Amino acid sequence: MFSRIAYALRETWESFRRNLTLTAAAVLTSAVSLLLVGSTFLIQRAFENLLVQWRGDVEMIIFVRSDASAEQIALVDQVLRASPTIIDVDKLRYLNKTESYEEAKRIFAGDPDTLGLLTPETIPTQFKVVPLSDDPTLVRSLSDQYRTLPGVEAVALAEDEFEVISTLSNFIRVVTLITSLVLLLVAVGLIWNTIRTAMFARRREIEVMKLVGATNWFIRIPFMLEGLLQGLIGGVVSCGGLWVLNSAWTSGVTSFKPGTGISSLVVPDSYLTSVMFILLAIGAVVGAVGSAIAATRFLDV
């Protein structure tokens, strides 16, 4: 058992040395494509952070002062529910102080100064409102009406920030995703070509091994392992690049004036770590697929 593992590792290393140029090309292509895949995940999460408070078709948020009495909160709720033809009361949600603070921690993840000014005791609570009408004039007139209610601190409208951000998010996500998928296919092709070249260079040795009774899987494993390692190394390189990219992005975003809302675009380190594990898995799969196709096709000829 151990001798077979040692043989597979030895043959993989020898193949790496013999096809250094092709291997480097495959690894770099894999790394670039995986870096784009990782960037797509981070971009998606960044814009989700920015728009987290507007999920569920919410178009209006009524912020209630932290010192508002229970009667004032009940009055706001009553006024909102008194307009079932204008507001979707089934989707009306009230976030208490704890829920509002949890949402704020995600929105201001990259703005510790602003987040430090908020506590579960001092943060405003909020009503999430989904109007039934698409008329922006009517929605604005409703917001002007709700601003005058006792205990209301402010009213925010989704149209003030949602459309441009959402459009930009979708465009960037689609472009980077398509580009990364194309490059992943190129990476599979390069790994396939690398393994094919390696097997062609050792065709005499492979013929001898088959004559003495070596199974196809015994011959394939070192080549498949080579492809898997190429993809995995590409994944490691892409993780390093993604960490550098995210660090630069975080530094740039946090340099903006606190309270601008741009700080919501910062991606938490925990999410970055999970994306890195995903990239390693994708890299290994891409390498294994490319090498498996090449090894199978050559040995079946």
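Since the structure is predicted, the reported quantities are computational estimates derived from the model, not experimental observations. (Residues numbered from 1 in each chain as written. Predicted model: local features only at pLDDT ≥ 70, side-chain atom pairs only at ≥ 80, totals over all residues. Heavy atoms only, no water.)

1. What to know about the packing of aromatic side chains
For clarity, the cut-off: Only Phe, Tyr and Trp rings take part, Trp by its six-membered ring, and two of them pair if their centres are within 6.5 Å. Stacked means planes under 30 degrees apart, edge-to-face means over 60, and tilted covers everything else. Secondary structure elements are taken from DSSP: a helix is a run of H or I of four residues or more, a strand is a run of E of two residues or more, and numbering for both begins at the N terminus. Working definition: with a 1.4 Å probe on protein chains only, accessible area under 20% of the residue-type maximum means buried, over 50% means exposed, and in between means partly exposed.
Overall, the coordinates contain one aromatic pair when judged by the stated rule. Here Tyr94 and Phe127 contribute two aromatic rings whose centre-to-centre distance is 4.7 Å and whose plane-to-plane angle is 45 degrees, an arrangement assigned as tilted. Of this pair, Tyr94 sits in strand β2 (residues 93-95) while Phe127 sits in strand β3 (residues 125-129), placing them 33 residues apart in sequence. Under the relative-accessibility criterion, Tyr94 is labelled partly exposed at 32%.

2. Quick word on the nonpolar core
So the rule is basically this: We define a nonpolar core as any set of buried Ala, Val, Leu, Ile, Met, Phe, Trp, Tyr and Cys residues linked to one another through side-chain atoms lying within 4.5 Å. Contact definition: two residues touch when any of their heavy atoms are within 4.5 Å.
One finds Leu42, Leu242, Val275, Leu279 and Val286 to be the most contacted residues of the largest nonpolar core, which totals 24 residues. Secondary structure elements with two or more residues in this core: α2 (20-50), α7 (162-201), α9 (216-254) and α10 (269-300). Those residues in contact with Leu42 that sit more than four places away from it in its chain are Leu242, Asn246, Val267, Tyr271, Leu272 and Val275.

3. Brief notes about helix α3 (residues 70-81)
Test applied: By this rule the span expected of a helix is its residue count minus one, scaled by 1.5 Å. This arc describes the spread of directions from the helix axis toward the C-beta atoms.
Here α3 spans 16 Å end to end across twelve residues, near enough to the 16 Å set by a 1.5 Å rise per residue. Within α3, the full set of buried residues consists of Ile73, Val76 and Leu80. Axial view of α3: buried residues confined to an arc of 60 degrees, hence all on one face. Turned more than 90 degrees from where α3 packs its buried face, Ala70, Glu71 and Gln78 sit exposed. Residues of α3 that are buried sit in contact with β1 (60-64), β2, β3, α6 (136-147) and β4 (152-157).

4. A few points about the pairing of β1
Both faces of the sheet carry side chains from a regular strand, because those side chains alternate between them. Short version of the rule: Here the rule is simple: two strands pair whenever DSSP picks up at least two bridges between them.
Counting buried residues along β1, five of its five residues qualify, which places the element largely inside the surrounding structure. A two-sided burial pattern is seen for β1, the buried positions comprising Met60, Ile62 and Val64 on one face and Ile61 and Phe63 on the other. The sheet contact formed by β1 and β3 spans five bridges and is antiparallel. Following the sheet pairing, Ile61 is matched in β3 by Lys128. Note: β1 against β4, five bridges, orientation antiparallel. Among the inter-strand pairings, Ile61 is bridged to a residue of β4, identified as Ala156.

Note that every value here comes from positions in space, so none of it alone points to a role or purpose.
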